[in-house]
Amino acid sequence: MINLKPPEARASTSAPVTADKALSSIISRGWKEVRDSADADLRLMKNRANSFKDLASSFDRELENFLNSASKSTFAVPAIGSSPSESDFVKRLRPKLNAIVSEVDSEGAVDFDEKGRLRRGRRVGFTDFRWEESHLKDWEPVRALKTRLRELERKSSSSEILESLKNSEFVEKVKSSLIQTVQIFYFVALPCIYLMQGVPPLDVPELFAYLVRQSGPFLDQLGIRRDISDKIVESLCSKRKNQLLLRSTPAGESSILESDNVGDELDVRIASVLQSTGHCYEGGFWTDSSKHDTTNGKRHVAIVTTASLPWMTGTAVNPLFRAAYLSESAKQDVTLLVPWLCRSDQELVYPNNLTFSSPEEQEAYIRNWVEERVGFKTDFKISFYPGKFQKERRSIMPAGDTSQFIPSKDADIAILEEPEHLNWYHHGKRWTDKFNHVVGIVHTNYLEYIKREKNGAIQAFFVKHINNWVMRAYCHKVLRLSAATQDLPKSVVCNVHGVNPKFLKIGEKVDAERERGEQAFTKGAYFLGKMVWAKGYRELIDLLAKHKKDLDGFDLDVFGNGEDAHEVQSTARKLDLNLNFMKGRDHADDSLHGYKVFINPSVSDVLCTATAEALAMGKFVVCADHPSNEFFRSFPNCMTYSTPEDFVAKVREAMANEPQPLTSEQRYNLSWEAATQRFMQYSELDRVLNINDKEVDSQSSQNNHQIMKKSVSMPNLMGVVDGGLAFAHYCFTGNEFLRRCTGAMPGTREYDMKHSEDLHLLPPQVENPIYGW
């Protein structure tokens, strides 16, 4: 024991105190408070003495258990002897142990023979026991007690003092001091560091403005328009901007004042503050860290679409060309994921009774078709996922989790063609969790189609919000082919589709014939499209019926097949219109080369592929003044009309004149090479694919100085909201009753046994057991 009294107090008393308490007192309170703490230390020593009494009571219970079990087992009990290794405390404890044993002996005669066996009938005292070191290990209570006593004796060594300090009040006081130091750093020193670095700390209006800005998705779901949120943010940030203008602007904020976008200013402002502290945000509540590793090997692009050849629809043809032209680059591997239909659905969807017995057979058909048109050997993989044809919607709906058909090792970049269609009833892995970058391409104006149905306005209202929901939850970037689609989150308008190279060759052939003085166009006007009312047939019949006299002598050939063919033709005959209906055929068919004018009155298309193909062939195009035709207005052969009277005038003008030859620039803008370049730029895929390229990083740093690593420098509340929406959608689509109520096909939550056989998959009950969700 160590006497820690100051020199003037040592003469009056020599009461020892514990080393750990004394050392703690010296450090935390100083010499002035040692006298007061000594009394507390003495009380602590008394408490410890009482604990030894409790230990003796515990020993009493253990010995009683031992004596009770002695009658059932044979063992030797050596006597306790005095040895040099025993401490004085043990000697002082002997009377207590003697009393314990005597108390037990008084309850019954207990004795042991030479072999350690129990004998009854004779009382024994404490001194009658003989302990042998060889038998000590057989008596666990005594061995534990002696070990504890030896540990107490070693407490006087310096190493044991340090060990005892680990659990003492001294450590707690040090921790408290450190916490106070950190608090002082954050609330006092850190603002000073901000000011020294030229970056002032955030104020309350800025924090509130950032909260409002990040809550945009939630407010949008509540019906609060974006412009209202932007005005709130602008008003909160205006005061801060005025303050910056009144003083000298730090170098780090010079770009902030130059920007006109208040939201970007706020993002950069917060990013600059976080960067000045060295903070780096590493993920949030919904972040999935198990994504594809892109540090080694080539990047991989997976294109997922909702239709496949031989169904000649936009979502079958355009993704196929996109895969072919993206695979030309050596920077990435490409996989095209298309739906596989069972034989019964193939007969309903594919033209000319064309069916396939295996995915390999359909893959060969698809690859031969595209290679014949692009003129080069394609190098991309074609995979299939289970799909079912829904007659009511005339669409192919995914069955099961579509994302599982892209292996995790290839899950890098995903391009979702018609993302809302793919995700309405998607119950599986979240795309943005599995893939590093997800781009959605909106092909179809679903709201326009739905409005034409019964109770269409109500249905369109719900579909609009559901589309917002799934876009926020499953895409990083959304490309809208034209402004005809609804305004979706994370979206930008850009035409990323080109035309089949075969149509450009036809246009070149037409130009060559005209240069030789030959007549390239020998026929008048035509219309081509799937024969359903929504594809422009309603608008066409209404225009021709209203101005039948003004267009006297004007004949129009119509090519198309579809579910509404009989009704469309009967309506035209009743109105006595000059329409010649013919079976649908490929737009590149030789029989269509001689037509001079392509008429397309449709306002339901997002971007009509047939219009682009007609322009590529050098024809006139008469189309509505509509956002879906915005991309085509720059071409001189495109003639748009805004009224029925204007339609008549443009038809007459087109029939009376010859189309102008396309320039090389106009021809390139229609090509898939140009479309792929636009896609890489607007989807930010060029930045993602070249993320490790120093030149690209340097250029990006110069052109986008305001980004300041926002994505990794600060948490994003939008990401939390998007993750919550995805989780809610997963729960909603997991319930078969809710799926059916919202129009899902029965049995599409999982694929069926027929798909399992065709695609060589595990049976659905094995892949997703009944107890799974």
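Residues numbered from 1 in each chain as written. Predicted model: local features only at pLDDT ≥ 70, side-chain atom pairs only at ≥ 80, totals over all residues. Heavy atoms only, no water.

The name recorded for the protein in an unreviewed UniProt entry is Digalactosyldiacylglycerol synthase 1, chloroplastic, from Rhododendron griersonianum. Entered under Subcellular location (unreviewed entry) in the UniProt record, the comment concerning the protein runs "Plastid, Chloroplast outer membrane". (UniProt positions renumbered as here; feature names shortened; annotations may be inferred.)

Enquirer: Got a minute to help me understand the overall build of the protein in this structure?
Expert: Within the protein one finds 34 helices and 16 strands. Sorting the 773 residues of the protein into buried and exposed places 47% on the buried side. Across the protein, every contact between residues at least 6 apart in sequence was considered, and the portion connecting residues at least 24 apart equals 70%. (Helix = DSSP H or I, 4+ residues; strand = E, 2+ residues; numbered from the N terminus. Buried < 20%, exposed > 50% of the residue type's maximum accessible area, 1.4 Å probe, protein only. Contact = heavy atoms within 4.5 Å.)

Enquirer: Would you take a moment to explain the nonpolar core for this structure?
Expert: Buried together is how nonpolar side chains tend to be arranged in soluble globular proteins. Ranked by internal contacts, the top residues of the largest apolar core, which has 102 residues, are Leu 544, Leu 556, Ile 599, Phe 647 and Phe 679. Setting aside residues up to four positions removed in sequence, Leu 556 forms contacts with Ala 525, Tyr 526, Phe 527, Leu 540, Leu 544, Asn 578, Leu 579, Asn 580 and Ile 599. In this structure, Phe 435, Val 438, Val 442 and Val 470 belong to the second largest nonpolar core, which totals 24 residues. (Core = buried A, V, L, I, M, F, W, Y, C linked by side-chain atoms within 4.5 Å.)

Enquirer: Would you mind going over the sheet that holds strand S12 (residues 556-559) with me for this structure?
Expert: The strand order S13-S12-S11-S14-S15-S16 describes an open sheet built from six strands, whose pairing is parallel. One side of each edge strand has no neighbouring strand; the edge strands of this open sheet are strand S13 (579-582) and strand S16 (638-641). Looking at each pair of strands side by side, their axes are set apart by 25° on average, direction ignored. Inspection of the sheet shows strand S11 (residues 523-528) paired to S12 by four bridges, in the parallel sense. Bridging from a neighbouring strand, Ala 525 pairs with Leu 556 of S12. (Pairing = 2+ DSSP bridges. Axes fitted to C-alpha atoms, helices over the stretch in contact; angles between N-to-C directions.)

Enquirer: Help me understand the pairing of S13, please; the structure alone is not making it clear to me.
Expert: A regular strand places its side chains so that they alternate between the two faces of the sheet. Looking at chain direction, S12 and S13 are connected through four bridges and run parallel. What sits directly across from Val 558, in S13, is Phe 581. Of the crossover connections in this fold, the one passing from S12 over helix H23 (residues 565-574) to the parallel S13 is right-handed. (Right-handed = clockwise from strand over helix to strand, strands pointing away.)

Enquirer: It is not clear to me how a nonpolar patch on the surface should be interpreted in this structure. Could you clarify?
Expert: Nonpolar side chains collect at one region of the surface, where Phe 208, Leu 211, Ile 224, Ile 228 and Ile 232 lie side by side and expose about 400 Å² of accessible area between them. Going through the elements one at a time, helix H9 (204-214) and helix H11 (226-246) are the ones with two or more residues in the nonpolar patch. Positionally, Ile 224 belongs in the loop between helix H10 (216-221) and H11. Relative accessible area serves as the criterion here: at 32%, Ile 224 is assigned to the partly exposed category. (Patch = residues over 30% accessible without salt bridge, like charges linked within 9 Å, V, L, I, M, F, W, Y side chains within 5 Å. Areas by Shrake-Rupley, 256 points an atom, 1.4 Å probe, with all protein chains shown as cover. Salt bridge = Lys/Arg side-chain N within 4 Å of Asp/Glu carboxyl O.)

Enquirer: What should I look at first to understand the sheet that holds strand S8 (residues 437-442) in this one?
Expert: Strand-to-strand pairing in sheets goes through backbone hydrogen bonds, with the strands running parallel or antiparallel. Reading across the sheet, the eight strands line up as S6-S5-S4-S3-S7-S8-S9-S10 and stay open at both edges, with mixed pairing between neighbours. Pairing within the sheet leaves two strands with one partner each, and these edge strands are strand S6 (395-398) and strand S10 (491-493). Across this sheet, the average inter-strand angle for adjacent strands is 30°, counted without regard to direction. Pairing geometry for S8 and strand S9 (residues 477-480), over four bridges, is parallel. Bridging across to S9, Gly 440 finds its partner in Val 478. Against the sheet, helix H16 (residues 359-374) makes contact with strand S4 (332-340) and strand S5 (381-390), and its axis sits at roughly 110° relative to S5, the strand it touches most.

Enquirer: How should unusual backbone geometry be read in this particular structure?
Expert: Peptide bonds are, in most cases, trans, and in most cases residues other than glycine have a negative phi. Going from Leu 309 to Pro 310, the amide bond is cis rather than trans, its omega being 15°. The topology assignment puts Pro 310 in the loop between strand S3 (299-304) and helix H14 (314-326). Look at Glu 418: it is not a glycine, yet its phi comes out positive at around 60°. Note that Glu 418 resides in the loop between strand S7 (413-417) and helix H17 (419-423). For Glu 418, a relative accessible area of 4% corresponds to the buried category. For Glu 684, which is not glycine, the phi torsion reads 65° and is therefore positive. Along the chain, Glu 684 turns up in the loop between helix H27 (672-682) and helix H28 (685-689). On the accessibility criterion, Glu 684 (28% relative accessible area) is partly exposed.

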